[in-house]
Amino acid sequence: MNPVTRGLARRLANHEWEKCLAEIDFEYRMNEVEVGGRPCVTYETAGDRRDDLFVFYVHGGAFVSGSPRVNASMILPVVRNTGAHCLGASYTLLPEGRFPTPLDEVDRIYKDALKQHEGKRIVAFGDSIGGGILLANLMRWRDEGVRLPDRVVLASPAVDGVGASDTHRTIDGHDPHLKSNQGRNVQKLFQFYAPGEDLHNPLISPIYGYFSGLPPMLIHVGSREVLLGDAARLAEAARRAGVDSTIRVFDGMFHLFHMHWSLSEAKAAHDDIAEFIRNV
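Cut-offs used in this document
Within every chain, residues take consecutive numbers counted from 1 along the sequence as written. Local features in this predicted model are restricted to residues of pLDDT 70 or higher, and side-chain atom pairs are both shown and tallied only at a pLDDT of 80 or more, whereas totals for entire chains, interfaces and linings draw on every residue. Side-chain measures were taken over the full set of non-hydrogen atoms in the model, leaving aside hydrogen atoms and water. Comment: elements are numbered from the N terminus, with helices defined as DSSP H or I runs of at least four residues and strands as E runs of at least two. Here the globule rule is a power law, 2.2 Å times the number of residues to the power 0.38, and the radius of gyration is based on C-alpha atoms. We call two residues in contact when some of their heavy atoms are within 4.5 Å. Computed with a 1.4 Å probe, the accessible areas rest on the Shrake-Rupley method; for each residue, only the protein chains presented here act as cover. By the counting rule applied here, Lys and Arg register as positive and Asp and Glu as negative, while His and the ends of each chain are not counted. Here the site of a charge means NZ on Lys, CZ on Arg, CG on Asp, or CD on Glu. Only protein chains enter the calculation, and the probe is 1.4 Å; a residue is then buried if its accessible area is under 20% of its type maximum, exposed if over 50%, and partly exposed in between. To define a nonpolar core, start from buried Ala, Val, Leu, Ile, Met, Phe, Trp, Tyr and Cys residues and group those joined through side-chain atoms within 4.5 Å.

A.B. asks: Looking at this structure, how should I read the overall build of the protein chain?
C.D. replies: A tally of regular secondary structure across the protein chain gives eight helices and eight strands. Since a compact globule built from 280 residues should have a radius of gyration of about 19 Å, the 17 Å found for the protein chain is in line with a globular shape. Along the three orthogonal principal directions, the C-alpha set of the protein chain runs to about 45 × 40 × 35 Å. Contacts spanning at least 24 positions in sequence make up 78% of the contacts within the protein chain whose residues lie at least 6 apart. Summed over its atoms, the accessible surface of the protein chain is roughly 11,300 Å², and 49% of this surface lies on carbon and sulfur atoms. Each charge sign in the protein chain was given a centre, from 31 positive and 36 negative side chains, and these centres are 2 Å apart.

In structure tokens form, the structure reads like this:
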């Protein structure tokens, strides 16, 4: 991805996601904070708060775009529907943020946040590539003996840099937000993120990792996403490893449809997420 293409993709994606905030029809506030040496965001909405519940959010954006603020329409309904305290983690984007920089930055933020929210129930939430970064870190935290979240929510997770999922071929062209080119676009992106690395490395493509011992997972995906296959493979790999995993497929929905609050499908999806979180 050359600098011109990268800059254009970032501006277009950020502009579209920022427009999604206009669909939010409830009061909210975002606050800039520093956690783990990184600029992060906390979120507040009107309504009751649960002091015993903390949500840790990792945003998507294909390693090149997005931020906890730009992607806020994904997480604000979660805060509103659950009353949880919530922190949005930031990580360095490409080209500076090559592997393992984003992984390590999210790792430091999470560990710092654990100290600030000791004794609370914790839910981790990741969307798109943020879901992949989060899942890779979950495996690392498990192996290190770090306290894991009590539950995990993954929306349209991107977990395979090899692009091996069948839906990269069967659904390509049906998602208005992602063009797969038979999986080649995913490979190019991950090669840019981790040049010279084996893309089967679970810290890069966590679908190839060891799932045993991970928390219960709720996985959401749209039926028109090229990442439908990633979500299906993830749910099955977790199930085979003895992890409680639930996958919801929303008919006709596209990548990150959750961010479009005006859609009835987005509201239904967020209701499902809130129920999963409230039962932690």
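A.B. asks: Got a minute to help me understand helix 2 (residues 72–82) in this structure?
C.D. replies: Think of an α-helix as turning once every 3.6 residues; residues three or four places apart then point the same way. Taking burial as the measure, the 11 residues of helix 2 include 10 buried ones, the bulk of the element. For helix 2, the full list of buried residues reads Ala-72, Ser-73, Met-74, Ile-75, Leu-76, Pro-77, Val-78, Val-79, Asn-81 and Thr-82. Note on helix 2: the residue one or two positions beyond its end, Gly-83, has a positive phi of about 75°.

A.B. asks: Would you explain unusual backbone geometry in this entry?
C.D. replies: Keep in mind that most residues, glycine aside, have a negative phi and that most peptide bonds are trans. Omega for the bond connecting Leu-94 with Pro-95 falls within 30 degrees of zero, at 10°, which places this linkage in the cis form. Secondary-structure assignment places Pro-95 in the loop between strand 4 (84–89) and helix 3 (101–116). Of the consecutive residues Phe-99 and Pro-100, the connecting peptide bond is found in the cis state with omega at 5°. One non-glycine residue, Asn-181, lies in positive phi territory at about 55°. Among the secondary structure elements, Asn-181 is positioned in the loop between helix 5 (167–170) and helix 6 (184–193).

A.B. asks: Looking at this structure, I do not really get the nonpolar core. What am I missing?
C.D. replies: Across soluble globular proteins, nonpolar side chains show a tendency to be buried alongside one another. Core analysis: the largest hydrophobic core is formed by 59 residues, its most contacted members being Phe-56, Leu-135, Phe-211, Met-217 and Leu-234. It is helix 4 (residues 129–144) that contributes the most residues to this core, eight residues altogether. Met-217 has contacts with Leu-135, Val-152, Leu-154, Phe-211, Leu-234, Ala-238, Asp-244, Ser-245, Thr-246 and Phe-276, leaving out every residue within four places of it along the chain. Counting residues in each nonpolar core, the second largest holds 32 residues, with Met-30, Val-41, Ala-72 and Val-123 among its members.

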